[in-house]
Amino acid sequence: MTASHLLVPVPIPDRVAALIGSCIPPHILEAEFEADCAAREVRRFRGPRLALEDQADREQALAELARANKILSAHHPRLAVGPGSFA
């Protein structure tokens, strides 16, 4: 029995990642990339008081994240990316 907090992340070799990627449809890989980028962008605009331009940029990033997550969730519900997915 293993506890999830005791698991150590292991890097995946590039050849293995390429093999995994070749099994996933290209539009899903593209949506995953877009969701990752949008989630990072959303995290950049945190704080109680944002300028109007920053609020607009945050809303744009949230819209892009929602669009990408719609594609990912249609393929598999657990592929969705949240704004807090990255540390």
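Enquirer: How should I be thinking about the overall build of the protein chain in this particular structure?
Expert: Along the protein chain, the regular secondary structure elements total three helices and zero strands. Listed N to C, the secondary structure of the protein chain is α-α-α in terms of helices and strands. Here the protein chain holds 87 residues, and 16% of them are scored as buried. Counting every atom, the protein chain has about 7100 Å² of accessible surface; 59% of that belongs to carbon and sulfur.

Enquirer: Would you take a moment to explain the environment of A39 for this structure?
Expert: Here A39 is to be found in helix α2 (residues 26–44). For A39, a relative accessible area of 0% corresponds to the buried category. Residues A39 and P83, 44 residues apart in the sequence, show an inter-C-alpha distance of 4.5 Å.

Enquirer: What exactly am I supposed to notice about the side chain of N69 here?
Expert: Within the element layout of this structure, N69 appears in helix α3 (residues 52–75). Polar side-chain contacts of N69 include one of 2.6 Å to the backbone oxygen of V81. Among residues more than four places away in sequence, those in contact with N69 are A35, A80 and V81.

Enquirer: Can you walk me through a nonpolar patch on the surface in this structure?
Expert: Taken together, the side chains of I12, V16 and I20 define a hydrophobic patch exposed on the protein surface, amounting to about 250 Å² of accessible area. Along the chain, the position of I20 falls in helix α1 (residues 14–22).

Enquirer: I tried to follow α3 on my own but got confused; where do I start?
Expert: Taking 1.5 Å of rise per residue, 24 residues should cover 34 Å, and α3 covers 35 Å from first to last C-alpha, within 8% of that figure. Along α3, the residues that are buried comprise A61, L65, A68, N69 and L72. Buried residues along α3 sit against α2.

Enquirer: In this structure, what is going on with the pattern of salt bridges? I would like to understand it.
Expert: Think of it this way: side chains of opposite charge can pair up when their charged atoms draw near. Here the structure, examined in full by the defined rule, presents one salt bridge. The partner of R44 in a salt bridge is E41, with the nearest N and O atoms 2.7 Å apart. Within this pair, R44 and its partner E41 are both found in helix α2, separated by three residues, close to a single helical turn. Given a relative accessible area of 28%, E41 falls into the partly exposed group.

Enquirer: What should I look at first to understand the nonpolar core in this one?
Expert: One broad rule of soluble globular proteins: the nonpolar side chains tend to lie buried together. Listed in full, the nine residues of the largest apolar core are I28, A31, A35, A38, A39, L65, A68, L72 and V81. Of all the secondary structure elements, the ones that give two or more residues to this core are α2 and α3. Counting residues per element, this core draws most heavily on α2, at five residues. Residues within four places of A31 in sequence aside, it is in contact with A68, I71 and L72.

Criteria and cut-off values
- Residues numbered from 1 in each chain as written.
- Predicted model: local features only at pLDDT ≥ 70, side-chain atom pairs only at ≥ 80, totals over all residues.
- Heavy atoms only, no water.
- Helix = DSSP H or I, 4+ residues; strand = E, 2+ residues; numbered from the N terminus.
- Buried < 20%, exposed > 50% of the residue type's maximum accessible area, 1.4 Å probe, protein only.
- Areas by Shrake-Rupley, 256 points an atom, 1.4 Å probe, with all protein chains shown as cover.
- Polar contact = N/O pair within 3.5 Å; in protein donor to acceptor, adjacent residues only side chain to side chain.
- Contact = heavy atoms within 4.5 Å.
- Patch = residues over 30% accessible without salt bridge, like charges linked within 9 Å, V, L, I, M, F, W, Y side chains within 5 Å.
- Salt bridge = Lys/Arg side-chain N within 4 Å of Asp/Glu carboxyl O.
- Expected span 1.5 Å × (residues − 1).
- Core = buried A, V, L, I, M, F, W, Y, C linked by side-chain atoms within 4.5 Å.

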